[in-house]
Structure formats: structure tokens, C-alpha cells
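Residue-level listing of the chains:
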Amino acid sequence: MKIMKQKIKTQQKKSMFTKWGIVLFLMSFFLFTLNTSTFGGIITGDPINSERNWGYIKMMNTDMEYLLNIPDYNDIIIAIVDTGIDYTHEAFADVRWWVNENETLNGLDDDGNGYIDDGLIGGGYDFGYMDNDPMPILNGHGTNMAGVMVAKNIVADPERKLSKQGGIFQNAIIMNLKWQHEISMNAIFGGEAKAIRYAVDNGARVINCSFNESSTDFIAALEYAITNNVIVVASVGNSGTYKETGDHYPSTYEGVIGIGAVTEEADISILSNYGPDVDFMMYSQFVSTLGPGDTYSTTTGTSISTAQMSALIGRLLSYDPSMTRDDVYALLAAHSIPIDHEDTGHGRIDYKGLVQSLMDINTTYVDTTINEEPAVLEIIEASHSGGFNRTTLRSLYYKDQRYFMNLEIE
Ligand SMILES: [Ca+2]
Ligand SMILES: [Ca+2]
Ligand SMILES: [Ca+2]
């Protein structure tokens, strides 16, 4: 097999937002249990495709096209346990919402799981109000989380919308599990534990927990998830302080993957907690995403860091669903770049390196930009059980430069 490639200049842009730390820190005082700070959820007139939106991609050593052009191989369900997702958002039009095949919309609990008509509307259930519609009433947090996972590019208005960015794992199947009562901001029906158990019982491989909650029932549900090889990914919190084990649940619970926040300069975000139970750091500042009611917003904090990691882990599982939580963790840890701060776990993810390690590829790379006649640069050999389909591989990083490739099978 011969691969012809053309070098594409990557756009390395500098952040305009290095001085926002204090602002973000002040904003963190307005937070309740949700690990995010959204600017009221909506910034109108703000070009969503501005350079900062590349942050979360850049902090993973990759770019959006690279992410999107690597194929997904298997269906993976990600449960977003949050405030509910506005599943009617225009950028979610093609999203694969999870459906409970064992229910019928008839006012009865057909599958006998204790919930009437669950999993038929918007991908899940509302454990905050105990009804079958997980649509948020007030809070945009859940929609923010889903945006960085599965939003699709909207091309109609490229200056305003997600022209350069979409979710990290757009083929994910999303389970939309609302756990909070939006007025009280609490789980008055024990929704946080119910939602976790529901996700496990219905096939979720990843559960996103971008919040802080520590009820006994909830801890038991976390253990249930971990025992069943479901990967729980949780935000480490936005108070900018050191957290010992047990100080912040679920992120410091053993077996949960705790996610902190870095800036575009790969420094720890001023609002990110840190400590022995932080596992990885993801990008956190002004991450563009979706809000309820066809709105677009930017979101900052460890919540959105966590959502990115959940999507990334979902993608990894789609390559090889047989991987356990420990397999995934080891893979991420092996392809992490430490940041210059103690107690920040393995640091940020080198997605490019990670994907290369997953590729089952033994290929001759030919750089058409160096010579008129194609020149062989290097033969890369790697193998992994989750190997890529070579004919669909469209781009690859090579020695820190990005290439598009035209594949020729010989
Ligand atoms: Ca039911
Ligand atoms: Ca029913
Ligand atoms: Ca509802």
C-alpha cells in the first residue's frame, strides 16, 4: 500500500484570553454544584469560530478534521448525567439519542424497570422531576456538555456557528439523564444515584458527571458502575484548591476518572482544583458549545473539560469496545503530556500520539511536497487490536506536521 500525502499548513494561533483567569475565578463564586461557569449560557454576537475555540482540540495535540476523519467503528453509549439536554437544538438534528427498545409510549412501565415510558423522548429520563422528558427547563449545563460531544457543524451561518468545530465524538449514542430539580438545584428524588444505575443497566459505557455530589446512595451507585466496567468521568471542581481524597465526589472516588482544567498555554486553570485524585487535564476556557433553544455559548470550567474527556473515551472505546476501564486509563496515561503543576495527574492528552498507537498500519508514507517524484519518508509499523481501516483513513500527523493523504492500495 502506498500513501500519497500533501502537506497542509497548520494554523497555530495564539490565545487572546490569557488574562481571563481572575474573571473566571470571580465567576466561580457564583457556582453551585455544577462545575462550570457559563456567561449566562449565551454570548450573542460572539463569533463561535474564533481562534479560542480551537483550544480544546489544540490542547489534545490534534485538530477537528483529524478527529472527524478518523472513523468510528462501534456504537458506544455515553450517559450524560446532568441538568438535561435540549435535544431539539438544531445542531443536534442528527444526534443518535439512545432509545429504550423495551418501552412503548403508552403511559405504562412496559419493561418493568420502575419508570413509565422511559427512554422514548430525548434519549433518556428526567430523574429530577421523575417524568419521561429530560428537556431542561432553566439550566443550560447539560446542553453545554452534550455540545462538545456530539454537536454537528452548522454550515448555514459559518461566521456565527460551529463552522470549524463540532463534538469530539459525533457518532456517540447519547443517553440524556437529567438528575437535578432545576429550582432547588438538588436531587430531591435521589436522581443522581438513580441516573447512574439507569445508565449502567441500559448499556452506557461512559458516564459523564460534571458535578459535585456525595450522597450515600450516589456513592453506592458509583461503585455499581465501576464494578460493571462502566467508565465514570468526573470534574474535579472549580474552587481552585487542593482536594484530598474524599474532599470532592465523585471525582476523588477510587475508580472514577477525575478531570481538571488547563489553559490554552497548557497551564493549570486558576479555577481548577488539583490533588492526588486528579487523573487528566483537559481544556477549559471559553470552550464553544451549545445552549438551549438553538443558542450557542462558550463555557469555562472543569465541567466542560470532563465532557471532552468523556467523548474522547467514547471514541477510544468505539475503536476497541473490548477495552476495560483500566485499558483505557493506561492508554490515556501512556499518551499524556504532564503540565507544570503538581497534583494534576498525567496531564493533558496527546491524542495524535494516542491514535497512532492504535493504528494497525504498516505503510509507506510518501511526501509529494518534498520532491516532484514521491519520496519515501518512513515506514511506520504499529499494531493494535482496534486497528483502523486503511482505506478510510484520511489524515495523519507525521513528525508534528499535518498531512492529508490520498490512499492508493497496491
Ligand atoms: Ca420502563
Ligand atoms: Ca410504556
Ligand atoms: Ca421533565
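It should be emphasised that the depicted structure is a prediction, and the values quoted were computed from it without experimental measurement.

Cut-offs used in this document
- For every chain, the first residue of its written sequence is number 1, and the numbers climb from 1 along that sequence.
- Chain labels run from A onward and ligand labels from 1 onward, assigned in the order the entries are written.
- At least 70 in pLDDT is required for a residue's local features to be given in this predicted model, at least 80 for side-chain atom pairs to be given and counted, and no such filter applies to totals for whole chains, interfaces and linings, which use all residues.
- Three exposure classes are used, all based on how many other C-beta atoms lie within 10 Å of a residue's own C-beta (placed from the backbone): buried at 20 or more, exposed at 12 or fewer, and partly exposed between those limits.
- Counting from the N terminus, the helices are DSSP H or I runs at least four residues long and the strands are E runs at least two residues long.
- The pairing criterion for strands is at least two bridges between them, as found by DSSP.
- Here, the term right-handed applies to a crossover whose path from the first strand over the helix to the second runs clockwise when the strands point away from the viewer.
- Residue-level confidence of the predictor, termed pLDDT, takes values from 0 up to 100.
- Placing a C-beta atom from the backbone of each residue, one calls two residues in contact when those atoms lie within 7 Å.
- Any nonpolar core is a set of buried residues, restricted to Ala, Val, Leu, Ile, Met, Phe, Trp, Tyr and Cys, that join up through C-beta atoms within 7 Å.
- A fitted line through C-alpha atoms represents every axis, and for helices the fit uses only the stretch in contact; the resulting angles, taken between N-to-C directions, go from 0 to 180 degrees.
- For classification purposes, an angle smaller than 35 degrees is called roughly parallel, one larger than 145 roughly antiparallel, one from 65 to 115 roughly perpendicular, and anything else oblique.
- Each crossing is labelled by how the near helix is turned from the far one, with a counterclockwise turn of less than a right angle marking it left-handed and a clockwise turn marking it right-handed.
- Charged residues are taken to be Asp, Glu, Lys and Arg, nonpolar residues to be Ala, Val, Leu, Ile, Met, Phe, Trp, Tyr, Cys and Pro, and polar residues to be all remaining types, Gly included.

(A) Quick look at the pairing of strand S7 (residues 206-209). Alternating positions in S7 separate into two faces, Val206 and Asn208 on one and Ile207 and Cys209 on the other, with burial throughout. Relative to S7, strand S3 (residues 77-82) runs parallel, the two sharing four bridges. Residue pairing for S7: Ala79 is matched across the bridge by Ile207. In this sheet, strand S8 (residues 231-235) lies alongside S7 in parallel orientation, the contact comprising four bridges. Looking at the pairing, Ile207 lines up with Val232 of S8. In the classification by handedness, the crossover that spans S7, the intervening helix H6 (residues 216-227) and the parallel S8 is right-handed.

(B) Representation of helix H4 (residues 141-150) within the structure. Within H4, 10 of the 10 residues are buried, which leaves it mostly tucked inside the rest of the structure. Buried within H4 are the following residues: His141, Gly142, Thr143, Asn144, Met145, Ala146, Gly147, Val148, Met149 and Val150.

(C) Quick look at the confidence of the model for the chain. Model confidence for the chain is summarised by a mean pLDDT of 74, while 65% of its residues fall at 70 or above. pLDDT under 50 marks residues 360-410. Its contacts with residues more than four places away, or in other chains, come to 96 contacts.

(D) Spotlight on unusual backbone geometry. With an omega dihedral of 5°, the bond running from Tyr249 to Pro250 counts as a cis peptide bond. Tracing the backbone through its elements, the reader meets Pro250 in the loop between S8 and strand S9 (257-262). In this model, Asp117 sits at a positive phi of 55°, which is unusual for a non-glycine residue. Along the polypeptide, Asp117 turns up in the loop between strand S4 (96-97) and strand S5 (124-126). Positive phi values are uncommon outside glycine, yet Asp343 reaches one of about 60°.

(E) Representation of the nonpolar core. One finds Ile78, Met149, Ile174, Leu177, Ala199, Ile207 and Val232 to be the most contacted residues of the largest nonpolar core, which totals 87 residues. The biggest single contributor to this core is helix H7 (residues 302-319), with nine residues.

(F) The arrangement of the packing of helix H5 (residues 191-201) against H6 in detail. Two elements in contact, H5 and H6, have axes separated by 8 Å at closest approach and are oriented at 15°. Classified by the interaxial angle, the pair formed by H5 and H6 is roughly parallel. Crossing angle aside, the handedness with which H5 passes H6 is left-handed. Taken together, the residues of H6 that come into contact with H5 (itself represented by Glu192, Ala193, Ile196, Arg197 and Val200) are Asp217, Phe218, Ala220, Ala221, Leu222, Tyr224 and Ala225. Across the contact of H5 with H6, the residue classes break down as nine nonpolar, no polar and three charged.

(G) Inspection of the pairing of strand S12 (residues 295-300) at higher detail. Counted residue by residue, S12 has five buried out of six residues, so it is predominantly covered. By the bridge criterion, five bridges tie strand S11 (residues 287-291) to S12 in an arrangement that is antiparallel. Across the sheet, residue Ser288 finds its bridge partner in S12, namely Thr298. The antiparallel hairpin formed by S11 and S12 contains three residues in its connecting segment, where Gly293 sits at a positive phi of about 70°.

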